[in-house]
Amino acid sequence: MSSTPRQNSLGTGGVPWNQDAESLFRTKPISEIRNVEATTRKQIQDKSEELRQLVGNRYRDLIDSADSIVIMKSSCESISANISAIHHSILYSLSSPDIPRSPHSSTFNPVGARIYGIACRVKYLVDTPENIWGCLDESMFLESSARYIRAKHVHFNLLNYKDNNNVLSNFPLLQHQWQIVEGFKVQISQRSRERLFDQTINLGIGAYADALAAIAIVDELEPKQVLTLFVESRKSIMSQKLSACCRDANADSSEVISVFCYVLKIIQITVCQVGELFLQVLTDMPLFYKTILDTPPASQLFGGVPNPDEEVKLWNLFKDKLEADMVFLGRDFISKTCSDWLRNCGKEITSKISGRYLIDVVGSGYELSLAEKLIRETMDSKHVLEGSLEWLKSVFGSEIELPWKRTHELVLGEESDIWADIFEDAFVQRMKGLIDLKFDALSGDVDVAQSVRSIAKPPDDRTDSEDYLKRLQVGGGVWFIKPNGKMLGSVPGSKLHHSQDNDLLSCLSTYFGPEVSRIKDAVDNCCQKVLEDLLSFLESPNAPRRLRDLAPYVQNKCYESLSTILIQLKNELDHLYSDLKDEKKDDASSLSPAILVERSLFIGRLLFAFQKHARHISVILGSPRSWASEVLTAVTTLSPIGSKHIRVASGSQMTDSPGKKMLDSSRKQTSLVMNALYGVDDKSSPQLEDLRQTTQDLSVRAYNLWITWVADELSNIFSRNLKQDDALSSTAPVRGWEETVVKQQEQSSEAQSEMKISLPSMPSLYVTSFLCYACEEIHRVGGHVIDKPILQNFATRLFDKVVAIYEALLSTEEVRGSQMSEKGVLQVLFDLKFAADVLSGGSYNANEDLSEILSLRSPLRRKQKTQQSNTVIGERTKPLVNQLSQRLDPIDWLTYEPYLWENERQAYLRHAVLFGFFVQLNRMHMDAVQKLPTNSESNIMRCSVVPRFKYLPISAPALSVRNSARTSVSASTDDVYSRNSWKSYTSDEISRNTDVDEDSSLGVAAPFLKSFMQVGSRFGESTLRLGSMLTDGQVGRFGDILPAQAAGLLSSFTTARSDY
């Protein structure tokens, strides 16, 4: 800012204006003076050129302005003269008769009259734009179109007057004014069409009739075209609403449902208004025809135009043509047009908009059901068609309770459901999509192959068989709850009941492990959610149709998803078998057999969880009638989203609260679902049996790998210990033998002589260890839940190994010469018979039917089965027994045999609890009288016989009664599970199974079993919850593991139980 004054004081080239050339020469050198001179000269030239350009341009503008002014002056003078002439003409024509006129003025002047008529018509055209604008502002579209037509007639007459060219030349405004009027045709049509898109609530049908009439006049449309235009405009409104909702990325299901309801309102209102506008009912003229044909007399339409005869004639011709064109539309045509339009609207609603389906925003079957309820409430609401209720009353002669139903019958002329025409198929397809999404999500969450392969150890931490078997003694299995006091009966719904249920679930999770529990829960929860969604979606009047379509679909999807998992498990099993059989793998990256066995057990536990504890698999694949038990839990709880939907989309006046109305509706819809479910055939899907059989086969195959490896390892240990047993060649007495007194009748006298013989009374330690290791391994992998066929396979495998080992031993003895003493032969015979009896349960068919297993509870059936099993065992062991007995003196063998087998039976009974996993498969020697051993090596303490007390662990008859009662209760509770083996106990069933009093508690068996052997501590833990996990096709309950005589173990070992 400070430099501005200084710059203003300088002249051209930076030299002050008041500085003369002399002072410049005094202060500046020559070079700078020359620069100043050159700059100054250049600036002078630029300014001169700029001045010349400015003068030239302004001059031309000045000349143009002067010419325009001259033209304006001439036009004004001409207009003034014309106005003066018109004024004088008007004065002459309006002069009074008593005024003296000149002779030439008393006669009619046709030229003046014609000019006056032309002037009035020109003025009519001049006033037309203002008149039309006023009509458009007041939404009087029909009046504006009529004014346009009349102005068109006036303009036509002006152009067709005879000899008026000279006169019209005096009105140059005419052509320009007509162009303005002609431009209103488009505006009238556009504004009238805009009115059709106006959805103002207070806008009556008369406004739409006025707009349609204006469009028909201006655009010269027939009634068919007008009807098509009307319905298409409504379709455009729907399209805009749907597109706006699709573009909203944050739109939730409540907004989508409200849009559906809004669109449905438009459809209902449109159909009803089509009937009122175009359908002739009785003798009344439809509103559209009444509006377009009802006009005042033609003589009143051309005000201000003198002698409008020609205009009136043209108007009448126009009216005649309009009446000829406005033919009433037939009912069939209206019905067909509306039906086609309705189908097109349905396709647009349910088709892709902006690349996605609008209904895809709805994310559950419950929301689909809620949307249907709200849409149906909208259809049945009188509030939607309240603007046409008077017309319906005039048509039917009384008040209408269901206006949409009567409108549908009147206009569309058919008994059809708008829901079925538009929404039903789309909602069903969306439900299928939701089912697909949930099962696809399950496939992404569950990767059983990865879960199996995650069971691995580092290559340098390889586990061999010795380490694996040693781990059995410290690892232990999983029993169910350890008793910690009194176990009172639980009442369903009580805190104790829930606590016990949680304890059982905790035990299940411990047994399964986190990964199996996760996979099982993921599969079961997926099936449960799918079923809940499906049942919610079935809450509809269309429930039977939907059930016929969706029940097979959801069963197929469930079967496909589970089949995929089973195929993955089968492939993993194939790899495990291949790796286990490949003995040539020596690289460091190979896994040890123990890890492979753990993987197979993981697969076995997972398949067991699917079979017994994934409850909703069997529900989905079972009969749809069994879904009825899920209906009440699926519909009684009102989701919070329900209240939101009710507030958003109904739009109808409700006298009751939304919650109460939805509760009443839920009760009504529940009956619809129940009726639909009970209306289908009561049969399970054939895929259920296929899936059950596949799962059972895979489960047996998974455990067979474990059986094969464990049996091989145990047999190797057994064979090694047998070969190292020096007692077999010893002639001295060995441990575990007892003396037996044999009384003989003397031939010479009646006196009896006694003879003592020493015979084995206990199996060899390696035999006991062999069977004990096998039972501990069963317990470790969950012997309380393993299916009986698996245990039978294990027993069969072990028995085959034992027979093969003894056959190899005898073969070796024959080759090398007999090194086995007589006492060794007797011990081998004892051991062989003892092992054969304990493992006899694996001899009969392991795949027998469940009903056949249940039938064995009958003493007669059990006896028959036992005899069959004993026959098979006898045939397998008979060659070995004969071969061994031939090494003894025949007379001695005849003496030893009955007492040896009696000692074996007593040993079998004493070891029945210890080897209960095998004994319960086939109980033997139930008629034998149990005796205490007489040798000093027994660890069983003698005690006096005392009366029974109330803490006895188990009574076999009581078990039978309790088991039969439990079976009947379970069958009456859930009959669907009694028809297949996919049974899993519900919480109520578990509570019933555990409702036992203190007298029948099994927990007190622990002290005795702990004192029996070290392993007994595991069997002695509480089995109170054991029965709730098992089915009759699995390992028997703890009472089945004990022998028949176990009822009196704590008081006496000498009491026989022949009544079992």
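Residues numbered from 1 in each chain as written. Predicted model: local features only at pLDDT ≥ 70, side-chain atom pairs only at ≥ 80, totals over all residues. Heavy atoms only, no water.

(A) Examining the overall build of the chain more closely. Looking only at helices and strands, the chain has 42 helices and four strands in total. Of all 1060 residues assigned to the chain, the portion counted as buried reaches 48%. When contacts within the chain are restricted to residue pairs at least 6 apart in sequence, long-range pairs at least 24 apart make up 82% of them. Accessible surface computed for the chain: about 53,000 Å², of which carbon and sulfur atoms make up 53%. (Helix = DSSP H or I, 4+ residues; strand = E, 2+ residues; numbered from the N terminus. Buried < 20%, exposed > 50% of the residue type's maximum accessible area, 1.4 Å probe, protein only. Contact = heavy atoms within 4.5 Å. Areas by Shrake-Rupley, 256 points an atom, 1.4 Å probe, with all protein chains shown as cover.)

(B) View of the environment of Arg247. Mapped onto the secondary structure, Arg247 falls in helix 9 (residues 223-247). We classify Arg247 as exposed; its relative accessible area is 59%. As for Arg247 and Gly355, which are separated by 108 residues in sequence, their C-alpha atoms are 9.9 Å apart.

(C) Representation of the packing of aromatic side chains. Per the counting criterion, the structure on display carries 22 aromatic pairs. Seen in terms of ring centroids, Phe260 and Phe427 are 6.5 Å apart; in terms of plane orientation they differ by 50°. Their pairing is tilted. Of this pair, Phe260 sits in helix 10 (residues 253-278) while Phe427 sits in helix 17 (residues 418-445); the two residues are 167 residues apart in sequence, bridging distant segments of the chain. Assessed through its relative accessible area of 2%, Phe260 is described here as buried. Each member of the aromatic cluster is reached from another via a ring pair, and the members are Phe260, Trp419, Phe423 and Phe427. In this structure, Arg147 is placed above the aromatic ring of Tyr124, and the distance from its NZ or CZ to the ring centre is 4.0 Å. (Phe/Tyr/Trp six-rings, centres within 6.5 Å; stacked < 30°, edge-to-face > 60°. Lys NZ or Arg CZ within 6 Å of the ring centre and 35° of its normal.)

(D) Representation of a nonpolar patch on the surface in the model. The grouping of Leu51, Leu54 and Val55 at the surface amounts to a nonpolar patch, some 290 Å² of accessible area in total. Residue placement: Leu51 occurs in helix 3 (residues 30-93). Judged by relative accessible area, which is 53%, Leu51 ranks as exposed. (Patch = residues over 30% accessible without salt bridge, like charges linked within 9 Å, V, L, I, M, F, W, Y side chains within 5 Å. Salt bridge = Lys/Arg side-chain N within 4 Å of Asp/Glu carboxyl O.)

(E) Focus on the pattern of salt bridges. Applying the stated criterion across every chain, the model contains 38 salt bridges. Across the pair Arg545 and Asp425 runs a salt bridge whose closest N-O atoms are separated by 3.1 Å. Note that Arg545 is positioned in helix 22 (residues 543-581) and Asp425 in helix 17, a separation of 120 residues in sequence. The exposure class assigned to Arg545 is partly exposed, which follows from its relative accessible area of 39%. Several salt bridges share partner residues, and in doing so they unite Glu372, Arg376, Glu424 and Arg546 into one network.

(F) Structural context of helix 22. Spanning 39 residues, helix 22 covers 55 Å between terminal C-alpha atoms, matching the ideal 57 Å at 1.5 Å per step. Remark: the principal bend of helix 22, roughly 30°, maps to Leu550, with a proline, Pro552, within the next four residues. (Expected span 1.5 Å × (residues − 1). Bend = angle between axes of the 7 residues up to and from the residue.)

(G) The arrangement of the packing of helix 17 against helix 22 in detail. Contact geometry for helix 17 and helix 22: axes closest at 10 Å, N-to-C directions at 15°. Overall, the two elements helix 17 and helix 22 adopt an arrangement that is roughly parallel. Seen along the crossing, helix 17 lies across helix 22 with a hand that is right-handed. Only Arg545, Arg546, Asp549, Leu550, Tyr553, Val554, Lys557, Cys558 and Ser561 of helix 22 make contact with helix 17, whose side of the interface consists of Trp419, Glu424, Asp425, Val428, Met431, Lys432, Ile435, Asp436 and Phe439. Split into classes, the residues belonging to the contact of helix 17 with helix 22 amount to nine nonpolar, one polar and eight charged. (Axes fitted to C-alpha atoms, helices over the stretch in contact; angles between N-to-C directions. Parallel < 35°, antiparallel > 145°, perpendicular 65-115°, else oblique. Left-handed = near helix turned anticlockwise from the far one by under 90°. Nonpolar A, V, L, I, M, F, W, Y, C, P; charged D, E, K, R; others polar.)

(H) Region of interest: helix 31 (residues 822-838). The terminal C-alpha atoms of helix 31 lie 24 Å apart, and with 17 residues this matches the ideal 24 Å at 1.5 Å per residue to within 8%. Most of helix 31 sits inside the fold, with 15 of its 17 residues counted as buried.

(I) Summary view of the confidence of the model for the chain. Averaged over every residue, the pLDDT of the chain is 75; residues scoring 70 or more account for 70%. Every residue in residues 634-663 is under pLDDT 50, and counting partners more than four places away or in other chains gives 47 contacts. Note on residues 954-1060: pLDDT under 50 across the span, and 245 contacts to partners over four residues away in sequence or across chains. (pLDDT = per-residue confidence, 0-100.)

(J) Spotlight on the packing of helix 5 (residues 141-159) against helix 8 (residues 205-218). Orientation of helix 5 relative to helix 8, taken along the N-to-C sense of each, is 20°, at an axis distance of 7 Å. Accordingly, the angle class assigned to the pair helix 5 and helix 8 is roughly parallel. Crossing handedness for the pair helix 5 and helix 8: left-handed. Between helix 5 and helix 8, the residues in contact are Phe141, Leu142, Ser145 and Ile149 and Asp210, Ala211, Ala213, Ala214, Ile217 and Val218, respectively. Along the lines of polarity and charge, the residues of the contact of helix 5 with helix 8 split into eight nonpolar, one polar and one charged.

(K) Main features of the side chain of Ser144. As for its placement among the helices and strands, Ser144 is situated in helix 5. Owing to a relative accessible area of 0%, Ser144 belongs among the buried residues under this scheme. Every residue in contact with Ser144, bar those within four places of it in the chain, is listed here: Ile132, Cys135, Leu136 and Ile188.

(L) Looking closely at the environment of Ser189. By the element assignment, Ser189 lies in helix 7 (residues 173-196). Given the relative accessible area of 9%, Ser189 is considered buried. Ignoring any residue separated from it by four or fewer positions in sequence, one finds Ser189 in contact with Ile215, Val218 and Asp219.

(M) Region of interest: the side chain of Asn903. Tracing the backbone shows Asn903 in helix 34 (residues 890-910). Relative accessible area serves as the criterion here: at 8%, Asn903 is assigned to the buried category. Leaving out residues up to four positions away in the same chain, Asn903 has contacts with Glu738, Thr740, Leu759, Pro760, Ser761 and Phe830.

(N) Seen up close, unusual backbone geometry. The phi dihedral of Ser139 falls on the positive side, at around 60°, and the residue is not glycine. Note on placement: Ser139 falls in the loop between helix 4 (110-137) and helix 5. Of note in this structure, His925 is not a glycine but carries a positive phi near 55°. Tracing the backbone shows His925 in the loop between helix 35 (916-919) and helix 36 (956-973).

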